[in-house]
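A closer look at the structure
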Amino acid sequence: MTAETAPHYFSLTEQELLKRDADYRMNPPLRTDSDVKAIIEGLLDGTLDAIATDHAPHTPEEKSDFVAAPNGSIGMETSFAVSNTYLVKTGILEIGELIEKMSVNPARILGINAGTLGVGAPADLALIDLDEQWTVDVNRLHGKSKNTPFKGKTLTGKVKTTVLNGKIVFNDK
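The residue count restarts for each chain, going from 1 along the sequence in the order it is written. In keeping with the model being predicted, local features are shown solely for residues with a pLDDT of at least 70 and side-chain atom pairs are shown and tallied solely at 80 or more, while totals for entire chains, interfaces and linings include all residues. Side-chain descriptors were evaluated using all non-hydrogen atoms of the structure, hydrogens and water having been removed beforehand.

**Some points on the packing of helix H3 (residues 79–88) against helix H4 (residues 95–110)**
Here, axes are lines fitted to C-alpha atoms. For helices the fit covers the stretch in contact, and angles between N-to-C directions go from 0 to 180 degrees. Working definition: helices are DSSP H or I runs of at least four residues, strands are E runs of at least two. Numbering for both runs from the N terminus. At their nearest, the axes of H3 and H4 sit 11 Å apart, and the two run at 140° to each other. Put simply, H3 runs oblique to H4. Handedness of the crossing formed by H3 with H4: right-handed. Where H3 approaches H4, its residues Ser79, Phe80, Ser83, Asn84, Leu87 and Val88 are matched on the opposing element by Ile95, Leu98 and Met102. Residues are grouped as follows: Ala, Val, Leu, Ile, Met, Phe, Trp, Tyr, Cys and Pro are nonpolar; Asp, Glu, Lys and Arg are charged; all remaining types, including Gly, are polar. Across the contact of H3 with H4, the residue classes break down as 6 nonpolar, 3 polar and no charged. Angles are sorted into four bins: roughly parallel if under 35 degrees, roughly antiparallel if over 145, roughly perpendicular if 65 to 115, and oblique for all others. In this scheme the handedness of a crossing depends on how the near helix is turned from the far one: anticlockwise by less than a right angle means left-handed, clockwise means right-handed. We call two residues in contact when some of their heavy atoms are within 4.5 Å.

This is how it looks when you write it as structure tokens:
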């Protein structure tokens, strides 16, 4: 048995819903501060062995009505930085533990040859500036969807380059 969480569940609480912004609507919904602490405890004790993006893109039109909007938010471009900011930079996890939760463990769970660097493994990697601070600007995100609960938040840790099968597929200029 495996269990995962997503960055918004250990960094945001239900208080965000008071803004009545549908970008904070997800399923399961954001919960209390004590639930956030329980998620962090689960990451620490191994109950939660993976951190996923929970990437759920929606159009601005779909997210325009707080009550009628579909649940979900995007997370591919913010997941590492949110996790680094809220877990590593606060001393909750070491960077190696975060890499295990976001790369090594998901590959193991899925039974795929990924998540590590080694002979015979694909050359899939991300080059990251662990200390670069940046503010999430939805107009600078690369995907078509912009529904992120982290818009306007300053995060620490910026993916600079992504390599897939030995080929650069993303380069932050």
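Here the narrative resumes, following the displayed structure.
**Details of the pairing of strand E5 (residues 167–171)**
The cut-offs for exposure are 20% and 50% of the maximum accessible area for each residue type, with area from a 1.4 Å probe on protein chains only; residues under the lower value are buried, those over the upper are exposed, and the others partly exposed. Counting buried positions over the 5 residues of E5 gives 0, only a small fraction of the element. When DSSP locates at least two bridges between a pair of strands, those strands are taken to pair. Pairing of strand E4 (residues 154–164) with E5 involves 4 bridges; the strand directions are antiparallel. If you follow Leu164 over to E5, its bridge partner there is Lys167. In textbook terms, the turn of a hairpin is the stretch between consecutive antiparallel strands, and for E4 and E5 this stretch comprises 2 residues, one of which, Asn165, has a positive phi near 55°.

**Side note on the environment of Pro60**
Mapped onto the secondary structure, Pro60 falls in the loop between strand E2 (50–51) and H3. Sequence spacing of Pro60 and Asp21 is 39 residues, and the spatial spacing of their C-alpha atoms is 11 Å.

**Quick notes on H4**
For an α-helix, 3.6 residues make a turn, and residues three or four places apart therefore share a direction. Under the 1.5 Å per step criterion, the end-to-end length of H4 is 22 Å for 16 residues, consistent within 8% with the ideal 22 Å. For H4, the complete set of buried residues consists of Leu98, Lys101, Asn105 and Ala107. Looking at the buried positions of H4, the neighbouring elements they touch are helix H2 (33–45), E2 and H3. Following H4 by one or two positions, Gly111 adopts a phi angle in the positive range, close to 70°. For a helix, the expected span equals 1.5 Å multiplied by the residue count minus one.

**Topic: the layout of surface pockets**
Grid points spaced at 1 Å over the protein atoms alone were grouped into cavities, where a 1.4 Å probe fits but cannot get out, and pockets, open sets with protein on both sides within 12 Å along at least five of seven lines, with lining residues defined by an atom within 4 Å of a point. Grid points are joined across faces, edges and corners, and a volume is the space filled by probe spheres set on the points. If you add up the space inside the second largest pocket, you get close to 210 Å³. Taken together, 15 residues line the second largest pocket, and the ones lying closest to its centre are Thr5, Ala6, Tyr9, Pro28 and Ile39. Among the secondary structure elements, those contributing two or more residues to the lining of the second largest pocket are strand E1 (4–5), helix H1 (7–11) and H2. Here the lining of the second largest pocket takes 3 residues from H2, the largest share from any one element. In terms of residue class, the lining of the second largest pocket is made up of 8 nonpolar, 3 polar and 4 charged.

**So, the sheet that holds strand E3 (residues 125–135)**
Read from one edge of the open sheet, 3 strands run E3-E4-E5, paired in antiparallel fashion. Each edge of the open sheet is held by one strand with a lone partner, namely E3 and E5. Neighbour-to-neighbour, the strand axes of this sheet turn through a mean angle of 25°, independent of strand direction. Here H3 sits on the sheet in contact with E3 and E4, set at roughly 135° to E4.

**Brief notes about the pairing of E4**
Relative to E4, E3 runs antiparallel, the two being bridged by 8 bridges. Residue pairing for E4: Leu125 is matched across the bridge by Val163.

**Notes on the environment of Lys37**
Mapped onto the elements, Lys37 comes out in helix H2. The class of Lys37 is exposed, set by a relative accessible area of 53%. Residues Lys37 and Met1, 36 residues apart in the sequence, show an inter-C-alpha distance of 22 Å. The term polar contact refers here to a pair of N or O atoms within 3.5 Å; inside protein, the definition further demands a hydrogen-donor-capable atom paired with an acceptor-capable atom, and it admits residues adjacent in sequence only when both atoms are side-chain atoms. A polar atom in the side chain of Lys37 sits 3.0 Å from the side chain of Asp33.

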